[in-house]
Amino acid sequence: MKMYTQFEKQYTDFLRQHLKSIDTTRVKASEYSATEYIRTFTTDHGTHLTPNLNKSQKCDDLARSHLHYGEELLSRGATHACLREVNEGIRVATEGDTLLRLLLLRIKTLVELGLCEVAKCEVDRLSSLFPGVYEISEKQLKANFLCNQMSVTEKECEKSSQSLASKYSEVFNINFDPNKDSCLLGELEQVFQLVEEIPSIKESSNYHAKRKQMVEEDKLNPLPYSDKGLQGYNNISPHVEIVESKAKGRHVIAKQAINIGDIIGVECPVVYTVLQEKWTRYCQFCLSNVRALLPCPRCPDVVYCSVECWDRDAAEHSIICGFMTELSSLPAMTYLALRTALTFRNSILDMRPESPCCTTSSSDANFRKTVALVTNFGLRAPIDIIRRACLAIFLTNSLKAMKLARNVTKAKGVEKRFYENCVYLLFLVLQSYPCNAHEISELQLCEEFRYSANEDIGAGAFVFLSMLNHSCNPNVVRHSIGKKTVLRALRRIESGSELLDNYGYHYATHSPPERKKFLKSQYLFECQCKACAESWSLFINLPSSPTFKCRFCNVKTSALIVSCRKCGRKTGQTLQQYDAKADRVQSVVRQFVSDGCADNKHHDIIEFLQFCEKWTEPPYRLYNECQEVLKQMWNLRSNVNIYDADAPDK
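Residues numbered from 1 in each chain as written. Predicted model: local features only at pLDDT ≥ 70, side-chain atom pairs only at ≥ 80, totals over all residues. Heavy atoms only, no water.

Visitor: Please give an account of the overall build of the chain that cites residues and values.
Guide: Counting its secondary structure elements, the chain contains 22 helices and 18 strands. The burial tally for the chain puts 53% of its 650 residues in the buried class. Summed over all atoms, the accessible surface of the chain reaches about 30000 Å², with 49% contributed by carbon and sulfur. (Helix = DSSP H or I, 4+ residues; strand = E, 2+ residues; numbered from the N terminus. Buried < 20%, exposed > 50% of the residue type's maximum accessible area, 1.4 Å probe, protein only. Areas by Shrake-Rupley, 256 points an atom, 1.4 Å probe, with all protein chains shown as cover.)

Visitor: Would you mind going over the pattern of salt bridges in detail, with residue names and values included?
Guide: The final tally for this structure, using the stated rule, is 19 salt bridges. The shortest N-O distance in the salt bridge between arginine 387 and glutamate 8 comes to 2.8 Å. Of this pair, arginine 387 sits in helix H16 (residues 382–401) while glutamate 8 sits in helix H1 (residues 3–18), and the two are 379 residues apart along the sequence. Take arginine 387: its relative accessible area is 24%, and that puts it in the partly exposed class. You can call glutamate 8 partly exposed: its relative accessible area is 30%. For glutamate 617, the salt bridge identified is with lysine 530, shortest N-O distance 3.8 Å. Of this pair, glutamate 617 sits in strand S17 (residues 616–617) while lysine 530 sits in helix H19 (residues 530–533), placing them 87 residues apart in sequence. Judged by relative accessible area, which is 45%, lysine 530 ranks as partly exposed. (Salt bridge = Lys/Arg side-chain N within 4 Å of Asp/Glu carboxyl O.)

Visitor: Account for the pairing of strand S13 (residues 484–489), with residues named and values stated.
Guide: Two faces, one strand: in a regular strand the side chains alternate between the faces of the sheet. Most of S13 sits inside the fold, with five of its six residues counted as buried. Note: strand S12 (residues 476–481) against S13, six bridges, orientation antiparallel. Bridged to valine 477 within S13 is arginine 488. Between the end of S12 and the start of S13, which pair antiparallel, lie two residues, with glycine 482 showing a positive phi angle near 65°. (Pairing = 2+ DSSP bridges.)

Visitor: Quick one: what's the story with the side chain of threonine 370, residue by residue and with numbers?
Guide: Its location among the elements puts threonine 370 in helix H15 (residues 365–371). For threonine 370, a relative accessible area of 2% translates into the label buried. If we skip the residues at most four places from it in the chain, threonine 370 touches Val270, Thr340, Phe344, Val429 and Tyr433. (Contact = heavy atoms within 4.5 Å.)

Visitor: Which residues make up the packing of helix H5 (residues 79–92) against helix H6 (residues 96–112), and what values do they have?
Guide: Two measures define how a pair of helices packs: the angle their axes make with one another and the distance between the axes. Running from amino to carboxyl end, H5 crosses H6 at an angle of 155°, the nearest separation of the two axes being 9 Å. By the criterion of interaxial angle, the relationship of H5 to H6 is roughly antiparallel. Once H5 is placed against H6, the crossing between them reads as left-handed. Contact residues: H5 offers Thr79, Cys82, Leu83, Val86, Asn87, Gly89 and Ile90, while H6 offers Leu99, Leu102, Leu103, Leu105, Arg106, Thr109, Leu110 and Glu112. Considered class by class, the residues forming the contact of H5 with H6 number nine nonpolar, four polar and two charged. (Axes fitted to C-alpha atoms, helices over the stretch in contact; angles between N-to-C directions. Parallel < 35°, antiparallel > 145°, perpendicular 65-115°, else oblique. Left-handed = near helix turned anticlockwise from the far one by under 90°. Nonpolar A, V, L, I, M, F, W, Y, C, P; charged D, E, K, R; others polar.)

Visitor: Describe the sheet that holds strand S10 (residues 453–461), and please don't skip the residues or the numbers.
Guide: With mixed pairing, four strands are arranged side by side in an open sheet as S4-S10-S9-S18. Only two strands of the sheet have a single neighbouring strand rather than two, namely strand S4 (271–274) and strand S18 (640–641). Here four bridges tie S4 to S10, and the two strands are oriented antiparallel to one another. Across the sheet, residue valine 274 finds its bridge partner in S10, namely glycine 458. Docked against the sheet, helix H17 (residues 415–436) engages S4, strand S9 (437–444) and S10, running at close to 45° with respect to S9. Together, S9, S10 and S18 form the strand contacts of helix H22 (residues 621–636), whose direction differs from that of S9 by roughly 85°.

Visitor: Would you mind going over a positive patch on the surface in detail, with residue names and values included?
Guide: On the surface, a cluster of positive charge is contributed by Lys55, Lys403, Arg406 and Lys410. Relative to the elements of secondary structure, lysine 410 occurs in the loop between H16 and H17. Classification of lysine 410 as exposed rests on a relative accessible area of 73%. (Patch = residues over 30% accessible without salt bridge, like charges linked within 9 Å, V, L, I, M, F, W, Y side chains within 5 Å. Lys, Arg positive; Asp, Glu negative; His and termini not counted. Charge placed at Lys NZ, Arg CZ, Asp CG, Glu CD.)

Visitor: Give a description of unusual backbone geometry that names residues and reports values.
Guide: If a residue is not glycine, its phi is most likely negative; likewise, a peptide bond is most likely trans. The linkage connecting proline 618 with the following residue, proline 619, adopts the cis geometry, with an omega of 15°. Relative to the elements of secondary structure, proline 619 occurs in the loop between S17 and H22. Not every positive phi belongs to a glycine, and asparagine 376 is a case in point at roughly 60°. Along the polypeptide, asparagine 376 turns up in the loop between H15 and H16. Asparagine 376 gets classed as buried once you look at its relative accessible area, which sits at 18%.

Visitor: Talk me through the confidence of the model for the chain; I want residue IDs and the actual numbers.
Guide: Across the chain, the average pLDDT comes to 81, with 74% of residues at 70 or higher. Low pLDDT (under 50) marks residues 134–161, which in the prediction has 27 contacts with non-local residues, meaning those over four places away or in another chain. The low-confidence segment residues 644–650, where pLDDT is below 50, has 19 contacts with residues more than four positions distant or belonging to other chains. (pLDDT = per-residue confidence, 0-100.)

Visitor: Any details on helix H21 (residues 602–615)? Residues and values, ideally.
Guide: A turn of α-helix holds 3.6 residues, and therefore any two residues three or four places apart point the same way. End to end, H21 covers 20 Å across 14 residues, agreeing with the expected 20 Å (1.5 Å per residue, within 8%). Burial in H21 covers these residues: His602, Ile605, Ile606, Phe608, Leu609, Phe611, Cys612 and Trp615. (Expected span 1.5 Å × (residues − 1).)

Quick look at the structure:
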């Protein structure tokens, strides 16, 4: 039985037996704190919610079936399907011969797909296991390492390349003797020779590869505000500040004007995860889309893009290795809560649950900020609080079964307090994450660009982003680069104005009742933004032409005025100038929607939006279209799945 199914059954049984004995009026009472509640609840009911966990195993019979089917697919020319099948086989294989044949088939498939650089990298890594077969292996490994670490010495490079080769052999434990299996040796040499002879130009013929240079242009290296920024937060603009009020709580305002397109910040999540349905396609550590995956050598559940990522994730993954199949049934926010306990395992004992706000003495600033996220405990229904308390206990008992405490400390007498604190931590984040966590996304790029769309690949807790309040007409927009989230200004934000994100539905796509219902159920507040208060129309009902205004006194008129009838100032603008700008951006919009290539015309879009904000009163169709095109242009410079949307297999 899947882990979350176990919880649902045990939770139902628990409610049937114990709900009458729980004082739900006290749960809701303001004087009854969350930590007091969970302490009492754990003592009374902690033993009733215990998972039955089973470790997942690799299977060579299954790997061989993937190998044979992959060979059949490649012979039919179904290269994309073959690559998926081979990767599935590599993920579950343990035997040397089967694993090696799968790796060789993957290299052939990568070459057929035109992914020549990936294929060459595969040969370099694989040849480290057989240096006698591939003579330039050591030289190539050094060159690959030097590409990433240009300042290291030759001696350090040699040591590091040997270390990487050693780690690669640990991931792929192939017990193959070239002297005993001449047939497989011949195939190995044949594949190595195939990759050596392929021209590097082949990859550039791919439709999506033509965009690679453009996609890589804006990867934000070095990061903005890395030297000086908002105090206490890395890579956040110094032009914003966090303030607090009774009506809005903590929120972010601009200290000076921020223009459209300005990068406000680039934030790394304090805790993050790949979505469960993406575990076998995305690197568990860096979230990159993996074409030539490296599996965990001990379980079939997660994959990595490189030995470096595998090595950096090893300490955390070793705790839950083998249990991931059980954990895969957990909802995304629940699994993210579990990852929080793993990520901050060394700070759990520093928590002070007896204090009013469950403070911590931890030196880890990220942990302190995570614990301090708003939970909305006082706004939750009693049954909702009871469910989250039960889930916190259930997850803690899962971590106890994985022996998490033994990975943190060997000291006697602290294990009980460790798991008690673990329950408190999980109870807090199970309440705060649904309101404060954000998606990590990727643009799925299709051959017909108009069908390209963003898709969630992960979720993370972003402390600064969680400070932003909601608007159905936001003035900022987020997009993902790796696991980082980039925050940009979508509209001009004047000094003293609040930065407003969008938590779910935009006014142009969903009606006010739909938006309010979602926000109330998920985020526990009633939206009072301008779009809701004035009941702005959906996109299909927006006017095609704008309402103009005087930029000095905001008097509205149906035609662009030369001098304002109220203040008498000359605007210095004409209707013809607006029409000329509109014609130019409409051409850019049409081209971009058609093929996704606008040759860096985002400056024209930004200039037009700035003009519109000065002289017109949004919303209207062209203004919204330009905003959406601008967001998609930024998405193209973010996480992009370039090859998944190639022509379908025959």
